[in-house]
Amino acid sequence: MGLLEDKVVPGRENRLEACIAYGGTACGLKMQNRSCLKNQERSFSQAGLCQLLPTMGMLLTLPETAVIVHGAIGCASNGVGALIGIRLRNIQNGNLKAEDSNWVSTNLTESDVVHGGEAKLEKAIVEVYERYHPKSIVVFQTCTPSIIGDDVAGIIDRMRERLDIPILAAYCEGFKTKVWATGYDVAFHAIVHGFIESDREGRPPRREPGRQNPRPLVNVINLASVGKPDEDEITRLLNAVGIDVNIGPNFATREAIRNMTQADLTISVCPTHDDYFVEYLSQEYGIPYVLKDMPIGLENTRTWLLDIAGHFGLETKAAEVIAAEEQKVLRAVAKYKPLLAGKSVFLSAGEFRALVTGALFQELGLEVAGVRSYHHDHFGKDYYEKLVQNQRGKNFSVDIANFQPFELTNLLKRIKPDLFVGHVTDNVWAAKLGLPTLTIFRIFDNYIGYRGFYAVAKKAARILRNSSFNRNFAQHTQNPYKAAWYEQNPFAFIKIQQEAEGGQEREAANE
Ligand code: SF4
C-alpha cells in the first residue's frame with residue numbers, strides 16, 4: 001500500500017514501526033530491535049501531541065484555502081499557534097497584504113454526539129464557501145465524528161459534486177496514533193487526493209522516462225517550521241550547482257503543487273517529514289528522490305549536495321561549491337570555536353533533526369551528552385551510533401518521548417549539560433533549571449547549510465559567553481515535581497507490554 005491506495009493514512013506505529021518510549025543510552029538503543037521497542041509504553045504519561053497539530057500546521061499554509069475542523073471546539077484551537085507562524089512567514093515572503101487563513105469549527109456539542117454531526121458539517125461547508133469564496137476547502141475529521149460514525153467521506157463526495165472548488169479531506173483523529181508525525185502523512189494525503197488526483201481536472205501526465213528539463217528542476221519539500229532564510233540558503237546552494245528549484249507544498253498554490261509531478265528529482269529536507277510523499281511521486285510519476293540526509297552541519301550538507309548533484313552529473317561543480325563554502329565558513333566560525341570547544345550539549349527535537357544537529361555541534365567542538373527525540377524510527381537507527389563514534393566512543397543518554405517533561409527535567413538534573421538546544425517549548429524546562437538554552441527552529445534564523453552553520457555557532461558562543469539570564473530565571477521559578485521524583489530513575493515509568501502474557505507489564509531493561 002502507499003499514499004495513493006491508502007483510503008485512510010496508517011499510523012506510523014504500523015507503517016514505519018515507530019515507537020515513542022525508550023530511556024537509556026545510544027549504545028543501549030542499538031542493542032534493541034524495533035519490534036521490541038514497539039512493545040514499550042509508559043505507565044504514566046504527562047503530555048502528548050495530537051496528529052491534528054502538524055496536519056493543521058501544514059494545511060493552513062495553503063493560500064486562499066479555508067479549513068473546517070469537524071469536531072469539538074477545542075480541536076480547532078490548534079490553529080491559533082499555527083496561524084502566528086503563517087502570518088510571519090507571509091511577511092517574510094513579502095506578502096504583506098496576505099489575509100489570515102479562514103479556519104472554523106463545527107463546534108459539536110453533547111447533543112450532536114447523540115444525534116450526529118453530519119448536518120452541521122454540510123451546512124458549514126456551504127456557509128464557508130458562500131461567505132469566504134475560498135479557492136479550496138479542507139475538512140478535518142477529528143475524534144468525535146469518527147467515534148459517533150459521521151459519514152464525513154460521503155459528505156465530502158456529495159459536496160465535491162455540488163461546489164466548483166477542490167475539497168480536501170484530512171482524517172487526523174488523535175486517538176488513532178500516538179506518533180504525532182503521522183500528521184504530516186495526513187496532510188500529504190489530503191493534498192495529493194484533493195489537488196493532484198482530483199477527477200475534476202484530471203491527473204497531470206506522467207513524465208516520459210528519461211525526459212529532463214533544460215536545466216535540472218528539483219522539488220524541495222519544505223516544512224512549515226523552516227523559515228525563509230533557510231529556503232533561501234537551499235535555493236542559493238542548488239542554484240550555484242546549476243539546479244533550479246520548485247519549493248512546496250507548504251505555502252504553494254494548487255498549480256505549483258501539481259507542477260511538482262513534472263520535476264526531475266524530489267529532495268527531502270527532513271526524512272521524518274517527507275517519505276510518504278516522495279514515495280508517491282516516485283511510484284506514480286517516476287521521479288527519483290533524495291531522502292537520506294538533512295543539510296545541517298558541514299558533513300551532512302556536503303553529502304546532501306553531492307547526492308543531489310550526482311543525479312545530474314554535476315558532482316564536479318558541487319565539489320567546487322562545497323570546497324569554497326566550507327573554507328569560507330570555517331574561517332568565519334574560527335573565532336567562536338575556543339568558546340565552544342569541550343562543552344557538552346543536549347539536543348531535543350524530532351528525531352532526525354535532533355541527531356543531525358548533534359553532528360553540527362560536534363563539528364564545532366562540543367560533545368553530545370544527551371538526545372531527547374519525539375519518536376524513533378528507522379531513519380534515525382544508525383545515527384545514534386555515528387554520533388557515538390564521532391566522539392571517540394563516548395556514549396550519551398537517550399530519551400525517546402512524546403514530550404514528557406517530567407523525564408526530561410529529571411534527566412537534565414543528572415546530566416547538567418553546558419548547553420541545551422531545542423524547540424522553544426522544550427527550552428523552557430531547561431531554562432527553569434538554569435541551563436543555557438539555544439532555540440533552533442525559529443523561522444527568522446538560518447539553521448540549514450553554511451549560513452546556518454555560521455549562525456548556530458555565533459548564537460551558541462553568545463549564549464555561552466553570558467548565560468546569566470537563565471541562571472536568574474531559575475532562581476525565580478520552580479518545577480512542579482516533588483524532590484522524591486529526582487531520586488528515581490528518569491525512565492521509571494517506561495514498561496514493556498507483555499502481549500503474549502495477557503498484557504502484564506514489567507520495567508523496561510533498556511541498558
Ligand atoms: S485528540 Fe482528538 S479530540 Fe483531542 S485535539 Fe486531537 S482530534 Fe481533537
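Because the structure is a prediction, the values reported are computed rather than measured.

### Brief notes about helix α21 (residues 424–431)
Reasoning step 1: Considered for burial, the residues of α21 that qualify are Asp426, Asn427, Trp429, Ala430 and Ala431.
Reasoning step 2: In this structure, the buried residues of α21 make contact with β11 (344–349), α20 (405–415), β14 (419–422), β15 (437–439) and α23 (468–475).

### Description of the packing of helix α16 (residues 315–333) against helix α22 (residues 449–465)
Reasoning step 1: Running from N to C, α16 and α22 cross one another at 10 degrees; their axes reach a closest spacing of 10 Å. One finds that α16 runs roughly parallel with respect to α22. Listed contacts from α22 to Glu325, Val329, Ala332 and Val333 of α16 are Tyr450, Phe453, Tyr454 and Ala457.
Reasoning step 2: Taken together, the residues of the contact of α16 with α22 break down into seven nonpolar, no polar and one charged.

### Some thoughts on the domain arrangement of the chain
You'll often see interface size given as the accessible area lost when the parts meet.
Reasoning step 1: Assigned domains within the chain: domain 1 (52–196), domain 2 (217–328) and domain 3 (341–487).
Reasoning step 2: Taking the mean C-alpha position of each, domain 2 and domain 3 sit 27 Å from one another.
Reasoning step 3: Facing 19 residues of domain 2, the contacting portion of domain 3 comprises 22 residues.
Reasoning step 4: Where the side of domain 2 that touches domain 3 is concerned, the elements lending two or more residues are α12 (228–241), α14 (271–285) and α15 (298–310).

### Focus: the nonpolar core
Reasoning step 1: In terms of nonpolar packing, the biggest core is built from 146 residues, with Leu59 and Ala170 touching the most fellow members.
Reasoning step 2: A total of nine residues in this core trace back to one element, the largest contributor, which is helix α11 (residues 182–196).
Reasoning step 3: If we skip the residues at most four places from it in the chain, alanine 170 touches Thr55, Leu59, Val138, Val139, Phe140, Gln141, Val186, Ala187 and Ala190.

### Remarks on α12
Reasoning step 1: Between its first and last C-alpha atoms α12 spans 20 Å; for 14 residues at 1.5 Å apiece the expected length is 20 Å, and the two agree.
Reasoning step 2: Every buried residue of α12 is listed here: Asp230, Glu231, Glu233, Ile234, Leu237, Leu238 and Val241. Looking straight down α12, one finds that the buried residues subtend no more than 160 degrees of arc, so they occupy a single side.
Reasoning step 3: Of the surrounding elements, those touching the buried residues of α12 are β7 (217–221), β8 (244–248), α15, α16 and α22.
Reasoning step 4: Glycine 242 occupies a position one or two residues after α12 and carries a positive phi of about 105 degrees.

Definitions and limits used
- Residues numbered from 1 in each chain as written.
- Predicted model: local features only at pLDDT ≥ 70, side-chain atom pairs only at ≥ 80, totals over all residues.
- Buried ≥ 20, exposed ≤ 12 C-beta atoms within 10 Å, placed from the backbone.
- Helix = DSSP H or I, 4+ residues; strand = E, 2+ residues; numbered from the N terminus.
- Contact = placed C-beta atoms within 7 Å.
- Axes fitted to C-alpha atoms, helices over the stretch in contact; angles between N-to-C directions.
- Parallel < 35°, antiparallel > 145°, perpendicular 65-115°, else oblique.
- Nonpolar A, V, L, I, M, F, W, Y, C, P; charged D, E, K, R; others polar.
- Domains from an automatic or database assignment.
- Core = buried A, V, L, I, M, F, W, Y, C linked by C-beta atoms within 7 Å.
- Expected span 1.5 Å × (residues − 1).
- Arc of directions from axis to C-beta.

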